[in-house]
Amino acid sequence: MDHRLLKYMQSVERYQKGLDALSEKWNLLTMLGKMSNTEMDMNDTRCAFETLTAELLDKLGAEILKKTTSEMEAKAQVAVDIVIRNLFERTADIGFLATDDDIRAFLLNTQTLPADEVARHSLREQRQALKNRFKEYVAKYSVYSNIILTDTRGFVVAQLDERNAITGSTDPLIKEALGTSAEYVEVFRHTDLVPSAERSLVYSYRVSRSSRDESENIGVLSLIFRFEDEMEGIFKNLISEKEWMEILLLDSDGYVISSSDTNHIRLGVRMEKVLDEPYKIVRFAGREYLAKTCATKGYQGFFGLGWYGHVMVPLEHAFEKAPHPYESITADILDTVLKYSSLFSAELKIIPQKADQIQKELDVTVWNGNVQIANSKASENSFSKSLLNEISKTGYQTKKVFEDSISNLNQTVLSAYLDDARFNASLAIDIMDRNLYERANDCRWWALTSVFKEKLSSVELTGDDLRELEAILRYINNLYTVYSNLFLFDRSGTILAVSNPNEKRLVGNKVDEGWVEESLKMSDSQRYSVSHFYKTPLYDNRYTYVYSAGISDPLSEEIVGGIGIVFDSQPQFEAMLLDALPHDKEGNRLEGSFALFCDRQKNIIGSTSSAYAVGSRLHVDDGYFLLEKGSGNSGIVELDNDYYVMGLFTSNGYREYKKHDFYQNDIIAFIFLCIIKRSDLPQVCSIVNHYQPCSYPSVQGSEETVDISTFYIGTKFFGVESHNVVGSLSHQNITRILGSDANFLGVIGTKEGGTIGVVSLNELLGMPSSYNPNVDELIVLKSSRENETKFAIVIRHIKDSPEIPLRCIKSYSGSLAGVSPLTKAVVVPDEGSVRGEMLSILDIEAIFKTLIKKREKLSGVDGVNVKR
């Protein structure tokens, strides 16, 4: 990574200062160690500390940078892709609206000059009626600000926005729309259709004389898209008020066409595109930024005008976002994830192992140093003891800094996944809200189709009438493929015509549903009805939504029937969810990920996983289904015995849909990413973390004391007088010999070429006997006899070397009930002190005698070095 960025990362800077101070201290302690009578060489510890410090800070910085740039890339991608999805719908709008019979009829009427005042009055009424129709359209498809209809020469014959009325246009798009072989013309530039705007996004297409004969053009229809309004909503969803991030939309040449903060980055400025790198440091207006650019991925083959999403964050504020809080994650789950999750690379997992190893080796150094002092009569013992205490204290300070920084590193990695899951869930629900907004619009607009209104108002429908209705429905359905079927029903709810030939069996059936009844009572053209998400024969007995709107008599406005549109929910919802799932750099969906749409009752309405079928229920905590609208969360959950990162977000509607209309139906998007499979967890967990703290009595004045070296055997806490200890050994391989058993494990070699017997006291202390050189340690003990016979015992790990007042060591008889015959005393804490784990003193001579008795049962074995 670019190390220039580290100075902007506050957490890295904080740890750097703390570790630098400790590094200086280690340098001093290394020098003093060489001067003491213990002749401790701390150089290896110091070097290991410095190496790990550099590695840790580098990894922490890299992960913080990765988290920031990943978020930048995600938001740049969404900023451009969301608007492209929206504009894809607009290309269908212009093509369909240009075939509207009312628009065509009005254009034909304008081709002949009115002969008298009556004709002129009639034309004015027709123009007003058409304007009202435009108004109805924009009331439903509120993404448009204006609709303009011109003749083939560019003269305006009708327009919605009279306040900014124009009389004509010489824009080349008029000619292009008349001659294009494409299905629409799309421009984003200055146009005289909107003379007051510097740039406008316009969709245009020709209007033909007849739907059966498109060879003769009679006009051009243009839809003016509310571009600034749309982008403002996108930016608002992507940036919080506290963020310093700037999101831009760039045209194909890199010029800014939309900015989240035009006071800072104005329109028309050209930006350097950062496409082939994860990020780049760029300069803008005298400031340095992290920058990232993303080209649109397109939608169903539509790529628009080649726009880009572009994100910039000032360097000094790029890394201020704190790691994700873990309130919703239990301590046990969090600990399991940090230890065993696949989220953490081998490089990350080895850092705490290296830190533990440094601390372990330091503990051994200090422990053995105290043993050496206890067995020495040198006058420098006081200095050496103080030095060891300072080394131990510095070791724990170092351990604390490492633990904090490793925890921060782990939290940074984990919070990136949690934040991504939440963000992806917000993307999924936004896509859904925007999609269903279009469905609510479609049913209302199609209900205003003049032919539908006319035919359903008839006393009786002929065969030709029904065929005409089916042809129109089929034409619409071919353009709007998100529906499995469209159908018309009369005022009794009986289906009259369908768009899908495979659904003709439905004709003549009465739909007795609440949403049909609602539609037949509607008097407002802005109203629509939506079924519950239910299993219906209208969708082959599968689950879906059916949208509906009433159709009124063109004269009396009485409701004479309605239109129903069957949303093809299963493939459509699945496609939305798949688009929101996390992907790797190659664009492949991350293994173990899936996504769901659920209602507040936990019912699944959309799924990418066969294990969570539509219609079933999602069993996670009830609290996740109580989130407020437009809010999200993330956490770690257990599903089917596996652990998942989970992100969720609640719907908040789009524009007026679910926000300012009558319809309320909260949906929650869930994103899941498997991070631990139960089968991958170790069956037996380490017991190291189950040790209890202990409290030693304080030394009063110059009272007589004894040095005790403490350690754990299994989970039990023991000590021996330090003068009985030779030292501690790690990573020792034991050679098994004749007579080895659960108590006598074998021998280890010495530097002098001899051997020392190794015994396990576990079985004698009521614990299973075992030895793992990678986990367990050995301490070499010596008896108080003249020949100081040596032997080693297996321990789990050493602890410390306290100085204990003799008054606090209470001896007892090994024959005392409930007391191990291998111990001889217990350390009694000071009265009123916090009671911790009880320290029992091992009886070396009793152990020695026990071993002799064990060995007497075997003959010819003296490799134990335990002799009479």
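Residues numbered from 1 in each chain as written. Predicted model: local features only at pLDDT ≥ 70, side-chain atom pairs only at ≥ 80, totals over all residues. Heavy atoms only, no water.

## Thoughts on the sheet that holds strand β19 (residues 604-607)
So, step 1. Strand order across the open sheet formed by 5 strands is β19-β18-β22-β21-β20, with antiparallel pairing between neighbours. In this open sheet, the two strands that pair with only one neighbour each are β19 and β20 (632-639). Geometrically, the sheet is characterised by an average inter-axis angle of 25° between neighbouring strands, direction not taken into account.
So, step 2. Bridge count for strand β21 (residues 642-650) against strand β22 (residues 667-676) is 8 bridges, and the pairing is antiparallel. Paired with M646 across the bridge in β22 is F672.
So, step 3. Against the sheet, helix α7 (residues 331-340) makes contact with β20, β21 and β22, and its axis sits at roughly 50° relative to β22, the strand it touches most. (Pairing = 2+ DSSP bridges. Helix = DSSP H or I, 4+ residues; strand = E, 2+ residues; numbered from the N terminus. Axes fitted to C-alpha atoms, helices over the stretch in contact; angles between N-to-C directions. Contact = heavy atoms within 4.5 Å.)

## So, the confidence of the model for the chain
So, step 1. Taken over all residues, the pLDDT of the chain has a mean of 88, while the share at 70 or more is 93%.
So, step 2. Note that pLDDT drops below 50 for residues 684-689; the model gives that stretch 5 contacts with residues more than four away or on any other chain.
So, step 3. Taken as a whole, residues 859-868 scores under 50 in pLDDT and shows 21 contacts with residues more than four places along the chain or in a different chain. (pLDDT = per-residue confidence, 0-100.)

## So, the pattern of salt bridges
So, step 1. A full pass over the atoms with the stated rule returns 51 salt bridges.
So, step 2. Ionic pairing is found between R133 and D102, a salt bridge with its closest N-O pair at 3.7 Å. With R133 in helix α4 (residues 117-140) and D102 in helix α3 (residues 101-110), the pair connects residues that are 31 residues apart, well separated along the chain.
So, step 3. Residue R133 is classed as buried on the basis of its relative accessible area, which comes to 12%.
So, step 4. Between R226 and D229 there is a salt bridge whose closest N-O contact spans 3.7 Å.
So, step 5. Of the residues examined, R226 reaches a relative accessible area of 31% and is grouped as partly exposed.
So, step 6. A relative accessible area of 31% places D229 in the partly exposed class. (Salt bridge = Lys/Arg side-chain N within 4 Å of Asp/Glu carboxyl O. Buried < 20%, exposed > 50% of the residue type's maximum accessible area, 1.4 Å probe, protein only.)

## Observations concerning unusual backbone geometry
So, step 1. In the Ramachandran plot, D640 falls in the positive-phi region, its phi being about 50° despite a non-glycine side chain.
So, step 2. Structurally, D640 is set in the loop between β20 and β21.
So, step 3. What makes D640 exposed here is its relative accessible area of 62%.
So, step 4. Even without being a glycine, H731 presents a positive backbone phi close to 55°.

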